[in-house]
Amino acid sequence: MSSKRVRVTVPSSTANLGPGFDTLGMALQLYSVVEMQVSEQTTIELIGKELQGTPTDKSNLLYVIAAELFQQAGLAVPELHIRASSEAPLTRGLGSSAAAIVGALVAANHLAGEPFTRDQLFAMAVKKEGHPDNVGPSFFGGIIVATMPEKEDQPIPYICLAPPAAMRALVVIPDYALSTEKARNALPQVYSKQDVIYNVGHSSLLVAALAQGRLDLLGQAMGDRLHQPYRAPLVPGLEEILAAATDNGAVGAALSGAGPTILCLTASDSECERLKSFVDQVMRGHGISYQTMVLQPDEHGVQVEVQ
Ligand SMILES: Nc1ncnc2c1ncn2[C@@H]1O[C@H](COP(=O)(O)OP(=O)(O)O)[C@@H](O)[C@H]1O
Ligand SMILES: N[C@@H](CCOP(=O)(O)O)C(=O)O
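Fair warning: this is a prediction, and the values are worked out from it, not measured in the lab.

A. Summary view of the pairing of strand E3 (residues 43–47). One ladder, built from 5 bridges, connects E3 with strand E4 (residues 80–86); its direction is parallel. From the neighbouring strand, Thr 43 faces E4, where its bridge partner is His 81. Handedness of the crossover joining E3 and E4 through helix H1 (residues 61–72) is recorded here as left-handed.

This is the structure in structure tokens:
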């Protein structure tokens, strides 16, 4: 077991990108940091306002995930000093839980002497989250197309695409929380054939458009009928922004992850000001306070430093 301190930096993610429910996601330059070191006693230090209210005992997600990794490696679970921070707000649809899981797995794997490969860690993270679209970008960076394997013991099949160079993400982050669990519970159990065909077509077109840098097609390709219509009642302003973002400077728009953050993609930084004033009008109309950030895609994924 290593006695060194490991520092892991993990990008946030915006999952689904509209029609790619549970299968598509993009990493963003908005980071979580997890530092971990074997210690005599477990202490969890959470830095910054975003992690306020998160447990600082052994029920903390970071500790739970690290402990599970040591157990799976056949090692005794050590006491740990964990220090963490998050630039992304939690429960907003920017993949904070996925980033925490990835950060804790990678840090603990390092302390344990690297018993697991990157693909095994990815599979462990996917098992925890239940879908690969937010943990994939946090691990690998860029745009990830992934699906669940046919059999449980098979590796997660994925492809990583480089985001189109000039593309920017304007994220509209409301000041209220919406847990992924609640937003998943809003979805139906069964879909019509037409809606399934609609999403297969849109998701396929979206992946091809992103691969070829065809930002002009995103507005159409980002249409979705599997989750956004059912989550819209939980996210005031979503319907209006999805309907008119492309008339106001965006090349496409979607609910980010399970929401309530709304993602607007633009072809350059210069389109963002016009888009911000449109978003402001919609959100004020609903009396929702929010913040916006203009983010570039992250292309590196998780980064490890041993100190
Ligand atoms: N750095 C962290 N440390 C501990 N728990 C975390 C951390 N980041 C996220 N979480 C947990 O993940 C939950 C948010 O997950 P979720 O509802 O899926 O929203 P998100 O869209 O932000 O991933 C938080 O309420 C918290 O329990
Ligand atoms: N496909 C999932 C993605 C959840 O992402 P998160 O960032 O909200 O955790 C879903 O839409 O439920």
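B. Inspection of the pairing of strand E9 (residues 262–266) at higher detail. Of all 5 residues that make up E9, 5 are buried, and the element is covered over most of its length. Side chains Ile 262, Cys 264 and Thr 266 project from E9 onto one buried face, and the interleaved Leu 263 and Leu 265 project onto a second face that is buried too. Two strands pair when backbone bridges link them, and strand E7 (residues 168–174) and E9 are joined in this way by 5 bridges, in the antiparallel orientation. Within E9, the residue paired with Leu 170 across the bridge is Cys 264.

C. Quick peek at the domain arrangement of the protein. According to the domain assignment, the protein contains domain 1 (6–161 + 298–306) and domain 2 (168–295). Here the C-alpha centroids of domain 1 and domain 2 sit 24 Å apart. When contributions to the side of domain 1 that touches domain 2 are tallied by element, the ones reaching two or more residues are strand E1 (6–15), strand E2 (24–38) and strand E5 (143–146). Residue contributions to the side of domain 1 that touches domain 2 peak at 4 residues, all from E2. Residues that form the side of domain 1 that touches domain 2 fall into these classes: 12 nonpolar, 9 polar and 1 charged.

D. Molecular detail of the site of ligand 2. As a matter of local geometry, ligand 2 sits amid 18 residues, with Ala 15, Gly 93, Gly 95, Gly 257 and Ala 258 nearest to it. The set of elements that each furnish at least two residues to the shell around ligand 2 consists of helix H2 (96–111) and helix H5 (180–185). Per-element accounting of the shell around ligand 2 gives the leading share, 3 residues, to H5. The residues that make up the shell around ligand 2 include at least three from each of domain 1 (6–161 + 298–306) and domain 2 (168–295).

The rules we used
- Think of each chain on its own: its residues are numbered from 1, step by step along the sequence as written.
- Key to labels: chains lettered from A, ligands numbered from 1, both in the order written.
- With the structure being a predicted model, the display of local features is reserved for residues of pLDDT at least 70 and the display and counting of side-chain atom pairs for 80 or more, all residues being used for whole-chain, interface and lining totals.
- Being paired, for any two strands, means DSSP has found at least two bridges between them.
- Note on conventions: DSSP H or I runs of at least 4 residues are helices, E runs of at least 2 residues are strands, and numbering of each starts at the N terminus.
- Looking down the strands as they point away from you, a crossover is right-handed if its path from the first strand over the helix to the second goes clockwise.
- Each residue is classified by how many other C-beta atoms fall within 10 Å of its C-beta atom, where C-beta atoms are placed from the backbone; a count of 20 or more means buried, 12 or fewer means exposed, and values in between mean partly exposed.
- Each domain's extent is set by a domain assignment, obtained either automatically or from a database.
- The classification used treats Ala, Val, Leu, Ile, Met, Phe, Trp, Tyr, Cys and Pro as nonpolar, Asp, Glu, Lys and Arg as charged, and all other residues, Gly among them, as polar.
- The C-beta atom of each residue is placed using the backbone, and any residue whose C-beta lies within 6 Å of a molecule or strand is treated as near it.

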